[in-house]
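# Inside the fold
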Amino acid sequence: MCRLRNSRLVHASFCVVTECQVKGIVTSRSSVVVLKRRPRGPVQPEDFSVEAAPVLDPAEGEVLVAARYITVDPYVRAMLDDPSFFGSPVPLGGVPPGDMVAEVIGSRAAEFPEGALVVGRLGWRSHAIAGCAALRLAGMHGVPVPTELSLLSSSGLTAWFGVTEVLRPRPGETVVVSGAAGGVGNIAAQLARISGARVVGIAGGPRKSAFLESTIGLTGAIDYKAVTDIGAEIDRLCPDGIDAYFDNVGGPLTDAILTRIAVGARVVLCGEISQYDVLGSEYRPRLGPIADQRATMTGLLVSDFVHRYDEARKRLAGLARSGTLKPTEDIVEGFTMLPTAFVGMMRGDNVGKRLVKV
Ligand code: NAP
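Not measured: the values here are computed from a predicted model.

Before going further, it helps to spend a moment on the site of the ligand. In the vicinity of the ligand lie 28 residues, with Gly183, Val184, Lys208, Tyr224 and Asn350 positioned nearest. Cys270 places a polar main-chain atom, nitrogen or oxygen, 3.0 Å from a nitrogen atom of the ligand. When the free accessible area of the ligand is taken as 910 Å², the share hidden by the protein chains comes to 89%. Looking at the shell around the ligand, the elements that each hand over two or more residues are α3 (154-167), α4 (183-194), α8 (273-276) and α11 (338-347). The biggest single contributor to the shell around the ligand is α8, with three residues. Split into classes, the residues belonging to the shell around the ligand amount to 13 nonpolar, eleven polar and four charged. Both of domain 1 (2-150 + 327-357) and domain 2 (154-303) provide at least three residues apiece to the shell around the ligand.

So, in C-alpha cells, the structure goes:
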C-alpha cells in the first residue's frame with residue numbers, strides 16, 4: 001500500500017499518480033479515460049468517456065511521460081463497483097488504473113532522463129506525471145517493449161509466484177490452468193510445462209485451444225464454451241486426477257475441477273473472472289474435495305511478493321530470451337480504444353496479455 005499525494009490509498013506495488021497539483025495547460029494531445037457511470041452487470045464501453053486533460057510540468061524529482069502501451073486488467077472491473085471487493089473504487093470521473101510503458105518527455109529526475117522508456121502503474125492516460133518511486137526503467141532485461149507489460153509486470157509475475165511458490169509442479173504431475181490463454185494463464189501454463197508437468201489448459205473457443213496446444217505446447221486443451229460435459233472432458237485428459245490447479249476463473253468451472261483433484265493436490269486461487277461482471281455474485285468454491293483429498297488451497301496476491309519482483313523478472317526474461325517460454329501480447333491500436341479493449345478482454349476476445357498501443 002502507498003499513500004498518494006491526493007491521499008487516496010491504492011493496493012498496488014506502484015504509487016499511482018491520479019492528480020497533480022502543478023498547474024498546466026490543456027492540449028488536445030493529452031487525453032484520459034474516465035469512468036462515466038458504474039456498470040450494473042456486464043461492463044460496457046459506454047461506461048467510460050475519453051476526455052482532454054492538462055499536460056503538467058514535473059516538479060523536482062518527477063518526470064512527465066507519454067504512454068506507448070497500456071494494460072487493461074480484470075481487477076479494474078472490481079474497482080468500478082462501489083463498494084469494491086478489491087482496492088478503493090474508481091470514483092465517478094476518475095481514471096482507471098493500468099500499467100504503462102511510457103517515454104520520458106520531460107524530466108526533473110536524473111535517473112530517468114528524457115527519451116528513457118519507463119514502466120509504471122500510471123492509469124488510462126496518454127500523459128502522466130510520476131515520481132521516481134512509481135517507475136522502473138524498461139529495457140533492462142532484453143525483451144521487446146510490449147513484453148515489459150505481459151511477462152515482466154503483474155501478469156507474468158503473478159504466474160511466476162503462483163506456479164513456483166504455490167503449485168510447485170513436479171515432472172509427470174497433471175496441472176490444470178483455467179483462463180489458460182490469457183495474460184496470467186498462458187505464462188502459468190508454460191511455467192508448469194517447463195517444470196515437466198502434463199498441463200491441460202481451459203479456455204474459450206477453438207482459436208484459444210489451438211494456441212494452447214500448438215503455440216505453447218500444452219498436453220491438452222478444453223474449450224469450455226463448446227463442450228457439453230466439462231467433467232467428462234477433464235476426466236478424459238486427466239485420467240489420474242489433478243495434482244495442481246491454477247484458478248483464474250472461479251465459479252462452476254472451478255467446482256468441476258475440484259471434484260477431480262488427487263490426494264495432496266495444490267490449488268492456487270488467483271482470480272475469479274467468471275464472477276466479476278455478474279451483478280451481486282457471491283459464488284464461492286465448494287470446498288468438500290479439499291478436505292476429502294487432504295489438499296491445500298492458497299489465495300494469491302502478487303503484491304505480497306514485491307520484494308522479489310527483480311529476481312522473478314530476471315528468471316522470466318531469461319526463459320523468454322532462450323525461447324523456452326513464449327510471451328504473447330494481444331495488442332489493440334489507439335488510445336481511444338481503451339474502453340473497448342477492456343470490455344473485449346472481459347468477454348474473452350484476447351489471446352495473451354491485452355495491451356493498448358497508444
Ligand atoms: P486475461 O486472462 O488475459 O483475460 C481475461 C480472460 O478471462 C478472458 O480472455 C476470458 O477468456 C476469461 N473469462 C472471462 N469471462 C469468463 C468466464 N465467465 N468464465 C471463464 N473465463 C472467462 O486476464 P489476466 O490479466 O491474465 O487475469 C487473469 C486472472 O488473474 C483474473 O482473474 C485476474 O483477476 C487474476 N489476477 C490475479 C492477480 C493476483 O495477484 N492474484 C494478479 C493479476 C491477475 P476465455 O475466452 O477463456 O473465457
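This part covers α3. For α3, with 14 residues, the first-to-last C-alpha span of 18 Å sits near the 20 Å given by 1.5 Å per residue. With eleven of 14 residues buried, α3 is to be regarded as a mostly interior element. Taken together, the buried positions of α3 are occupied by Ser155, Gly156, Leu157, Thr158, Ala159, Trp160, Phe161, Gly162, Val163, Val166 and Leu167.

Judged by nonpolar contacts, the single largest core of 42 residues is most densely connected at Phe161, Val175, Leu191, Val199, Leu212, Phe246 and Leu316. Mapped by element, the contributors of at least two residues to this core are α3, β10 (174-178), α4, β11 (198-203), α5 (206-215), β13 (242-247) and α10 (309-321). Among the elements that make up this core, the one with the highest residue count is α3 (seven residues). For Leu191, the residues in contact, after removing those within four places along its chain, are Ala159, Trp160, Val163, Leu316, Leu319 and Leu325.

Now for the layout of surface pockets. In this structure, the second largest pocket occupies an estimated 440 Å³ of space. What lines the second largest pocket is a set of 20 residues, among which Asp81, Phe85, Val278, Gly280 and Ser281 lie closest to the centre. Contributing elements (two or more residues each) for the lining of the second largest pocket: α1 (75-79) and α8. Of the residues in the lining of the second largest pocket, the class split is seven nonpolar, five polar and eight charged. Both domains that meet at the lining of the second largest pocket, namely domain 1 (2-150 + 327-357) and domain 2 (154-303), each give it at least three residues.

Moving on to the pairing of strand β5 (residues 62-71). The buried fraction of β5 is high, at nine of ten residues. With seven bridges connecting them, β5 and strand β6 (residues 99-107) associate as antiparallel partners. Note that in β6 the partner of Leu64 across the bridge is Gly106. By the bridge criterion, three bridges tie β5 to strand β17 (residues 353-357) in an arrangement that is antiparallel. Looking at β17, one finds that Thr71 is bridged to Leu355.

So, on to helix α7 (residues 251-258). Within α7, seven of the eight residues are buried, which leaves the element mostly enclosed by the surrounding structure. Of all the positions in α7, only Gly251, Leu253, Thr254, Asp255, Ala256, Ile257 and Leu258 are classed as buried.

As a further point, take the packing of α3 against α10. With their axes 10 Å apart at the nearest point, α3 and α10 run at an angle of 95° to one another. Regarding the angle of α3 to α10, the classification is roughly perpendicular. Two secondary-structure elements touch here, α3 through Gly156, Leu157, Trp160 and Phe161 and α10 through Tyr309, Ala312, Arg313, Arg315, Leu316 and Leu319. Its residues placed into classes, the contact of α3 with α10 shows seven nonpolar, one polar and two charged.

Below, the discussion takes up the packing of aromatic side chains. Within the structure shown, the criterion is met by seven aromatic pairs. Note on Phe48 and Phe342: the rings are 6.0 Å apart at their centroids and 90° apart in plane angle, and the pair reads as edge-to-face. Placement of the pair is Phe48 in strand β4 (residues 48-56) and Phe342 in helix α11, with a sequence separation of 294 residues. Like Phe342, Phe48 is buried. Residues Phe85 and Tyr276 carry aromatic rings whose centres are separated by 5.6 Å and whose planes lie at 50° to one another, so their mutual orientation is tilted. Residue Phe85 is located in the loop between α1 and β6, and its partner Tyr276 is located in helix α8; the two are separated by 191 residues in the primary sequence. Residue Phe85 is classed as exposed on the basis of its relative accessible area of 58%. For Tyr276, a relative accessible area of 15% translates into the label buried. Through a chain of ring-to-ring contacts, the aromatic side chains of Phe48, Trp124 and Phe342 assemble into a single cluster.

On to the domain arrangement of the protein, then. Domain boundaries in the protein define domain 1 (2-150 + 327-357) and domain 2 (154-303). One C-alpha centre belongs to domain 1, the other to domain 2; they are set 29 Å apart. Counting residues at the interface gives 23 residues for domain 1 and 18 residues for domain 2. In this assembly, domain 1 packs against domain 2 so that about 1700 Å² is buried in total across both faces, 55% of it on carbon and sulfur atoms. Here domain 1 and domain 2 share one salt bridge between them. We note a salt bridge from Arg77 to Asp277, for which the minimum N-O separation is 2.4 Å. With three residues, α11 is the single largest residue contributor to the side of domain 1 that touches domain 2. The residue makeup of the side of domain 1 that touches domain 2, split by class, is nine nonpolar, seven polar and seven charged.

Quick notes on the rules
- Residues numbered from 1 in each chain as written.
- Predicted model: local features only at pLDDT ≥ 70, side-chain atom pairs only at ≥ 80, totals over all residues.
- Heavy atoms only, no water.
- Near = heavy atom within 4 Å.
- Polar contact = N/O pair within 3.5 Å; in protein donor to acceptor, adjacent residues only side chain to side chain.
- Areas by Shrake-Rupley, 256 points an atom, 1.4 Å probe, with all protein chains shown as cover.
- Helix = DSSP H or I, 4+ residues; strand = E, 2+ residues; numbered from the N terminus.
- Nonpolar A, V, L, I, M, F, W, Y, C, P; charged D, E, K, R; others polar.
- Domains from an automatic or database assignment.
- Expected span 1.5 Å × (residues − 1).
- Buried < 20%, exposed > 50% of the residue type's maximum accessible area, 1.4 Å probe, protein only.
- Core = buried A, V, L, I, M, F, W, Y, C linked by side-chain atoms within 4.5 Å.
- Contact = heavy atoms within 4.5 Å.
- 1 Å grid on protein atoms, 1.4 Å probe; cavity = no way out; pocket = protein on both sides within 12 Å on 5 of 7 lines; lining within 4 Å.
- Points joined across faces, edges and corners; volume = space filled by probe spheres on them.
- Pairing = 2+ DSSP bridges.
- Axes fitted to C-alpha atoms, helices over the stretch in contact; angles between N-to-C directions.
- Parallel < 35°, antiparallel > 145°, perpendicular 65-115°, else oblique.
- Phe/Tyr/Trp six-rings, centres within 6.5 Å; stacked < 30°, edge-to-face > 60°.
- Buried area = accessible area lost by both parts, 1.4 Å probe.
- Salt bridge = Lys/Arg side-chain N within 4 Å of Asp/Glu carboxyl O.

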